[in-house]
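Analysis of the macromolecular model
The primary structure of each chain is shown beneath.
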Amino acid sequence: IFGKTGSGKSMFVKSEIGQVLFNTTDSVIILDPQNEYMDIVNNLGGQEIDFSSKGDVRMNPWEIPEPVPKDFDTDQFIADKSAFTRAVCKEILLPTELTGIHRTIIDRCVKEWYQGILGKRKPKSETLTELREIFSRQPELEARDLYVALEMFTEGSLNVFAHESNVNISNRLVGLGLKNLGKDLKRIAPLVANEIIRSTIEYNYTAKVATHVVADEFQIITQEE
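This text gives an overview of the structure that appears in the document. What you see is a predicted model, and the numbers here were worked out from it, not measured in a lab. (Residues numbered from 1 in each chain as written. Predicted model: local features only at pLDDT ≥ 70, side-chain atom pairs only at ≥ 80, totals over all residues. Heavy atoms only, no water.)

**A look at the packing of aromatic side chains**
The final tally for this structure, using the stated rule, is five aromatic pairs. Three or more aromatic residues joined by ring pairs form one cluster here, namely Phe72, Phe77, Trp113 and Tyr114. Above the face of the tyrosine 37 ring, lysine 14 is positioned so that its terminal group lies 5.2 Å from the ring centre. Here arginine 132 stacks its cationic end above the ring of tyrosine 147, 3.8 Å away from the centre of that ring. (Phe/Tyr/Trp six-rings, centres within 6.5 Å; stacked < 30°, edge-to-face > 60°. Lys NZ or Arg CZ within 6 Å of the ring centre and 35° of its normal.)

Next up, the structure:
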């Protein structure tokens, strides 16, 4: 939706969100770079997620569906999470380049990790901390790069994505606030938000539920590569 400031863009979108929530069983996800929708999400009984290293939000984008569906495609799930992990590691390694060896190690470790989890009688999600430990057991020197780079995001000050989730992304209305990101999370959090959106759409699709994605202030979102 394009228009000059004050022309009613936000009002139009908020009205449309209300129509979807009250007249359908569809889900709505809002990507909100200025946290302008947080009050509305809260007032409508939705789940607001304000990504910030100083906040109390904890999000595990590597978690598995609980309970695991009977028709769960394990291979596709692992492939998707491997791609997501490679994207995250590419950012945290900068300015070091993510090489083919790094990618191979990531793919191997993610596969080993999830096969171990999903092979249990009662699978339970683990966090980035456990995945990092698998990196530490690999023989290649490049695995050490990944292990050290992940320290700040597991044991350091930016460990917001290394805990069990304390937010409910299965809510019909979810707002992803990106306003309060520090410099180091500015490139990681949008990747996590994108993974939440992707996995929600996929899960809803199997449940025959439509998903509406609202990206506010799109020119801000696209400033970062």
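Picking up after the structure, the text goes on.
**Focus on helix H3 (residues 74–93)**
Relative to the 28 Å expected for 20 residues at 1.5 Å per residue, H3 spans 28 Å between its end C-alpha atoms, a close match to the ideal helical length. Turning to H3, its buried residues number three or more, namely Phe77, Ile78, Asp80, Lys81, Ser82, Phe84, Thr85, Val88, Cys89, Glu91, Ile92 and Leu93. If you follow the buried residues of H3, they end up packed against helix H4 (100–118), helix H5 (128–136), helix H6 (141–149), helix H7 (151–154) and helix H8 (189–206). (Helix = DSSP H or I, 4+ residues; strand = E, 2+ residues; numbered from the N terminus. Expected span 1.5 Å × (residues − 1). Buried < 20%, exposed > 50% of the residue type's maximum accessible area, 1.4 Å probe, protein only. Contact = heavy atoms within 4.5 Å.)

**Here's the deal with the nonpolar core**
Among the nonpolar cores identified, the biggest contains 49 residues, and Phe51, Trp62, Tyr114, Phe161 and Leu176 are the most heavily contacted of them. With 10 residues, the next largest nonpolar core counts Ile17, Val28, Val41 and Leu173 among its residues. (Core = buried A, V, L, I, M, F, W, Y, C linked by side-chain atoms within 4.5 Å.)

**Topic: the sheet that holds strand S1 (residues 27–32)**
Strand order in the open sheet formed by four strands is S2-S3-S1-S4, and the pairing between neighbours is parallel. Since the sheet does not close on itself, it has two edges, and those belong to strand S2 (47–50) and strand S4 (211–215), each with one partner. The mean angle between the axes of side-by-side strands here comes to 15°, regardless of whether they run parallel or antiparallel. Here five bridges tie S1 to S4, and the two strands are oriented parallel to one another. (Pairing = 2+ DSSP bridges. Axes fitted to C-alpha atoms, helices over the stretch in contact; angles between N-to-C directions.)

**A closer look at the packing of H4 against H6**
Where H4 contacts H6, the axes come no closer than 9 Å and their chain directions differ by 70°. Considered as vectors, H4 and H6 are oriented roughly perpendicular to each other. Taking contact as the criterion, the partners of Ile101, His102, Ile105 and Ile106 in H4 are, on H6, Glu142, Ala143, Asp145 and Leu146. Of the residues contributing to the contact of H4 with H6, the split by class is five nonpolar, one polar and two charged. (Parallel < 35°, antiparallel > 145°, perpendicular 65-115°, else oblique. Nonpolar A, V, L, I, M, F, W, Y, C, P; charged D, E, K, R; others polar.)

**Topic: the pattern of salt bridges**
Summed over the entire model, instances satisfying the criterion amount to 10 salt bridges. With a closest N to O distance of 2.8 Å, arginine 108 and glutamate 140 form a salt bridge. Here glutamate 140 lies in the loop between H5 and H6 and arginine 108 lies in helix H4, a separation of 32 residues in the sequence. A relative accessible area of 31% places arginine 108 in the partly exposed class. The closest approach of N and O atoms between glutamate 155 and arginine 132, which form a salt bridge, is 3.1 Å. On the criterion of sequence distance, the pair formed by glutamate 155 in the loop between H7 and strand S3 (173–177) and arginine 132 in helix H5 is long-range, its members being 23 residues apart. Owing to a relative accessible area of 3%, arginine 132 belongs among the buried residues under this scheme. The network of salt bridges with common partners includes Asp80, Lys81, Glu195, Arg198 and Glu202. (Salt bridge = Lys/Arg side-chain N within 4 Å of Asp/Glu carboxyl O.)

**Points about the side chain of glutamate 91**
By the secondary structure assignment, glutamate 91 is in helix H3. Note on glutamate 91: relative accessible area 19%, which makes it buried. Setting aside anything within four residues of it in sequence, one finds glutamate 91 in contact with Arg187, Ile188 and Leu191.

**Here we look at the environment of asparagine 171**
Along the polypeptide, asparagine 171 turns up in the loop between H7 and S3. Measuring from C-alpha to C-alpha, the distance between asparagine 171 and valine 28 comes to 8.9 Å, with 143 residues separating the pair along the chain. Setting aside residues no more than four positions away along its own chain, asparagine 171 makes contact with Gly45, Gly46 and Gln47.

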